[in-house]
Amino acid sequence: MLKTLRKRYIVVLALVMLVLATGVAFAAGTQGQVSSMSGQVVYAIATGTKVSEGTVLVKVKTLAGATAAARANCSGTVVSVVSNGSNISAGQTVAQIQP
């Protein structure tokens, strides 16, 4: 009976470790940054830039001038971003940040 309890304990412990490892790996991935406006990109932050939450990532051309279309929703390093001159749509992922 003691051997059976040990085996169960080991199996449960292994499952818990697997779940924790999966959670850590998921949290370590990049986070997509979504545009709130459509238009032509007139400013895009440089790849590799370290940003904090709220930093403007992309601006688009409007009648009133350049307006922020996407801001960082987390702190980290920009790993990809749309290019200047490209047309974007509201709801489109325009940048990726590695937290």
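Residues numbered from 1 in each chain as written. Predicted model: local features only at pLDDT ≥ 70, side-chain atom pairs only at ≥ 80, totals over all residues. Heavy atoms only, no water.

Draft legend 1. Just the overall build of the protein, in detail. Per the secondary structure count, the protein includes one helix and eight strands. Of all 99 residues assigned to the protein, the portion counted as buried reaches 22%. Restricting to contacts in the protein with at least 6 residues of sequence separation, those with at least 24 account for 57%. (Helix = DSSP H or I, 4+ residues; strand = E, 2+ residues; numbered from the N terminus. Buried < 20%, exposed > 50% of the residue type's maximum accessible area, 1.4 Å probe, protein only. Contact = heavy atoms within 4.5 Å.)

Draft legend 2. Local environment of the sheet that holds strand S6 (residues 76-81). An order of S1-S8-S6-S3 is seen for the four strands of this open sheet, with the pairing classed as antiparallel. Two strands in the sheet have a free side with no partner beyond their single neighbour: strand S1 (31-34) and strand S3 (50-51). Of the strand pairs in this sheet, S1 and strand S8 (residues 93-98) are connected by four bridges, and their pairing is antiparallel. Across the sheet, valine 34 pairs through a bridge with threonine 93, a residue of S8. (Pairing = 2+ DSSP bridges.)

Draft legend 3. Up close: the pairing of strand S2 (residues 39-44). Alignment of S2 against strand S7 (residues 87-88), held across two bridges, turns out to be antiparallel. Looking across to S7, one finds that glycine 39 is bridged to isoleucine 88. Judged from the three bridges that link them, S2 and strand S4 (residues 56-62) form a sheet pairing that is antiparallel. By the bridge assignment for S4, alanine 44 is matched with valine 58.

Draft legend 4. Geometry of the sheet that holds S2. Taken together, the four strands give an open sheet; going across it, the order is S5-S4-S2-S7, and neighbouring strands pair in antiparallel fashion. The strands lining the two open edges of the sheet, one partner per strand, are strand S5 (65-71) and S7.

Draft legend 5. Structural detail: the nonpolar core. Ranked by internal contacts, the top residues of the largest apolar core, which has 17 residues, are Val51, Leu57, Val58, Ile88 and Ile97. Counting residues per element, the ones that place at least two in this core are S2, S4, S5 and S8. Apart from residues no more than four positions distant in its own chain, valine 58 is found in contact with Val41, Tyr43, Thr67, Ala68, Ala69, Ala70, Val81, Val82, Ile88 and Val94. (Core = buried A, V, L, I, M, F, W, Y, C linked by side-chain atoms within 4.5 Å.)

Draft legend 6. Examining the environment of glycine 65 more closely. Tracing the sequence through the fold places glycine 65 in strand S5. Overall, the relative accessible area of 27% leaves glycine 65 in the partly exposed class. Distance from glycine 65 to valine 42, taken between C-alpha atoms, is 9.8 Å for residues 23 residues apart in sequence.

Draft legend 7. Quick peek at the confidence of the model for the protein. In this model, the protein carries an average pLDDT of 84, and 72% of its residues clear a pLDDT of 70 or more. No element of the protein has a lower mean pLDDT than helix H1 (residues 2-27), which averages 57, and none a higher one than S3, which averages 97. (pLDDT = per-residue confidence, 0-100.)

Draft legend 8. Representation of the environment of glutamine 33 in the model. Mapped onto the elements of the fold, glutamine 33 is located in strand S1. Along the chain, glutamine 33 and cysteine 74 lie 41 residues apart, while their C-alpha atoms are 9.1 Å from each other. Once residues lying within four places of it in the same chain are set aside, the contact partners of glutamine 33 are Leu57, Arg71, Ala72, Asn73, Cys74, Gln92, Thr93, Val94, Ala95 and Ile97. From its side chain, glutamine 33 meets the backbone oxygen of glutamine 31 in a polar contact 3.0 Å long. (Polar contact = N/O pair within 3.5 Å; in protein donor to acceptor, adjacent residues only side chain to side chain.)

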